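# Chains, contacts and geometry: an overview
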Amino acid sequence: MVFNANFLVIVLVAACPTLHFPMYFFLSQLSLSEILFTTNIVPNMLRLILIGGGTMSVRGCIAQFCLLGAPTITQCLLLATMSFDRYVAICNPLHYTSIMTFKLQLNIVTFCWISGFMLALVIDIVLNQLEFCHSNKINHFYCDIAPLIALSCSDTTYVELVVALISVFIVFSPFLFIIITYIFILANILRIPSSFGRQKAFSTCSSHLTVVCMYYGTLTVIYLYPPGNHSLSINKFLSLLYTLVTPLSNPIIYSLRNHDIRRVVHNFLSKCRKDYCITG
């Protein structure tokens with residue numbers, strides 16, 4: 001379900017000329033990162049549920065977490081990028097096409113993906129320095145940082161420090177950037193004389209704001225607080241929220257609140273229905 005919803009967004013953005021705009025291009029990249037994220041978790045999670053548990057090597061467990069970290073970091077940077085796109089569209093609309101060129105879009109997206117994988121590689125190197133010599137049972141449905149650190153019998157201070165610094169970079173910095181851009185956006189919207197114009201301008205940002213609040217809310221609790229500050233049960237619940245619920249909600253939120261996507265989906269379904277009736 002999560003894969004199908006996000007894959008549909010990618011197909012629609014690629015196939016429909018009416019969606020060939022920066023906002024939808026970044027949305028398709030966000031959907032791609034969510035596909036990579038969920039496909040790394042869901043199959044193994046279903047296997048664990050069906051057989052009541054499973055085994056994985058320590059290196060394999062660390063590799064899974066780092067493969068999760070790459071799209072997570074990329075998503076944070078993409079959300080910040082999408083806020084910049086809305087800032088340019090609302091605060092500088094006359095120069096929007098000259099600023100948000102396709103070359104700039106490609107450069108930004110490339111930076112987001114490279115940053116995601118490079119920082120995930122740093123985490124992988126740091127985690128591989130840990131020693132595991134006692135309990136080998138993880139109380140989680142995937143290899144997350146909190147149960148991994150709790151399992152180690154070596155000093156984890158350095159590892160926790162590195163992970164915390166990277167977490168601040170990928171969570172706090174983009175989130176601060178989003179807040180600053182939306183302060184300027186809100187100030188510009190309030191200067192619009194007509195209420196209809198203000199409502200229309202704000203509606204272009206509402207979907208993005210909803211996704212940002214859902215995504216950053218859970219990430220902040222999970223990764224900016226030390227593992228000991230909340231139980232693993234709460235960690236599992238929050239992880240389930242942002243690994244399954246949020247990726248499924250994102251395409252639904254953007255589809256239901258975006259007129260262009262709704263129109264494209266409606267035209268596509270109408271065409272399919274018409275073709276079916278003709279062939280039938």
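All values derive from a computational prediction rather than experimental measurement.

Definitions and cut-offs
- Residues numbered from 1 in each chain as written.
- Predicted model: local features only at pLDDT ≥ 70, side-chain atom pairs only at ≥ 80, totals over all residues.
- Heavy atoms only, no water.
- Helix = DSSP H or I, 4+ residues; strand = E, 2+ residues; numbered from the N terminus.
- Buried < 20%, exposed > 50% of the residue type's maximum accessible area, 1.4 Å probe, protein only.
- Contact = heavy atoms within 4.5 Å.
- UniProt positions renumbered as here; feature names shortened; annotations may be inferred.
- Core = buried A, V, L, I, M, F, W, Y, C linked by side-chain atoms within 4.5 Å.
- Expected span 1.5 Å × (residues − 1).
- Salt bridge = Lys/Arg side-chain N within 4 Å of Asp/Glu carboxyl O.
- Phe/Tyr/Trp six-rings, centres within 6.5 Å; stacked < 30°, edge-to-face > 60°.
- Bend = angle between axes of the 7 residues up to and from the residue.
- Polar contact = N/O pair within 3.5 Å; in protein donor to acceptor, adjacent residues only side chain to side chain.

## Thoughts on the overall build of the chain
- Helix and strand counts for the chain come out as 10 helices and 0 strands.
- Seen in sequence order, the chain has helices and strands lined up from the N terminus as α-α-α-α-α-α-α-α-α-α.
- In the chain, which comprises 280 residues, the share counted as buried stands at 45%.
- Contacts in the chain between residues at least 24 apart in sequence constitute 77% of all its contacts with a sequence separation of at least 6.

## Some thoughts on the UniProt feature "transmembrane region" (unreviewed entry) in the chain
- As recorded in UniProt, the sites labelled "transmembrane region" (unreviewed entry) are residues 7-26, 62-84, 104-127, 165-189, 201-225 and 237-256.
- Counting secondary structure, residues 7-26 comes out at 70% helix and 0% strand; the distance between its end C-alpha atoms is 14 Å.
- In the segment residues 104-127, helix accounts for 100% and strand for 0%; the C-alpha atoms at its two ends are 35 Å apart.

## A short note on the nonpolar core
- Among the nonpolar cores identified, the biggest contains 58 residues, and Leu79 and Leu127 are the most heavily contacted of them.
- By residue number, the principal contributor to this core is helix α3 (residues 58-91), which donates 13 residues.
- Here Leu127 is in contact with Ile62, Phe65, Ile145, Leu148 and Val159, once residues within four sequence places are set aside.

## Some thoughts on α3
- In this model α3 runs 50 Å from its N-terminal to its C-terminal C-alpha over 34 residues, within 8% of the 50 Å that 1.5 Å per residue would give.
- The buried fraction of α3 is high, at 25 of 34 residues.

## Description of the pattern of salt bridges
- All told, the structure shown has 1 salt bridge when counted by the stated rule.
- Of the charged contacts, one joins Arg86 and Asp85 as a salt bridge, the two residues approaching to 2.9 Å between their closest N and O atoms.
- Using a relative accessible area of 9% as the deciding quantity, one classes Arg86 as buried.

## Re the packing of aromatic side chains
- Per the counting criterion, the structure on display carries 5 aromatic pairs.
- With 5.9 Å between their ring centres and 55° between their planes, Phe25 and Phe102 make a pair best called tilted. Remark: Phe102 occurs in helix α5 (residues 102-127) and Phe25 occurs in helix α2 (residues 22-51); sequence separation between them is 77 residues.
- Here the aromatic rings of Trp113 and Phe117 are separated by 6.3 Å at their centres, their planes lie at 25°, and the arrangement is stacked. Of this pair, Trp113 and Phe117 are both found in helix α5, 4 residues apart, which corresponds to roughly one turn of the helix.
- Look at Trp113 and you get buried, because its relative accessible area is 14%.
- Taking the relative accessible area as the measure of exposure, Phe117 reaches 44% and is therefore partly exposed.
- An aromatic cluster is defined as three or more aromatic residues linked by ring pairs; in this entry it consists of Phe25, Phe26 and Phe102.

## A short note on the side chain of Gln64
- Within the secondary structure, Gln64 is located in helix α3.
- Residues contacting Gln64, with those up to four places away along its chain left out, are Asn40, Asn44, Met56, Tyr142 and Cys143.

## Notes on helix α7 (residues 157-190)
- A rise of 1.5 Å per residue sets the reference length of α7, with its 34 residues, at 50 Å; its end C-alpha atoms lie 47 Å apart and thus fit the reference within 8%.
- Along its length, α7 shows its largest kink, about 30°, at Val168.

## Some details on the environment of Thr181
- The topology assignment puts Thr181 in helix α7.
- The buried category is assigned to Thr181, whose relative accessible area is 5%.
- In sequence terms Thr181 and Asp85 are 96 residues apart; their C-alpha atoms lie 9.6 Å from each other.
- Residues within four places of Thr181 in sequence aside, it is in contact with Ser83 and Tyr87.
- A distance of 3.4 Å separates polar atoms of two side chains, one belonging to Thr181 and the other to Ser83.

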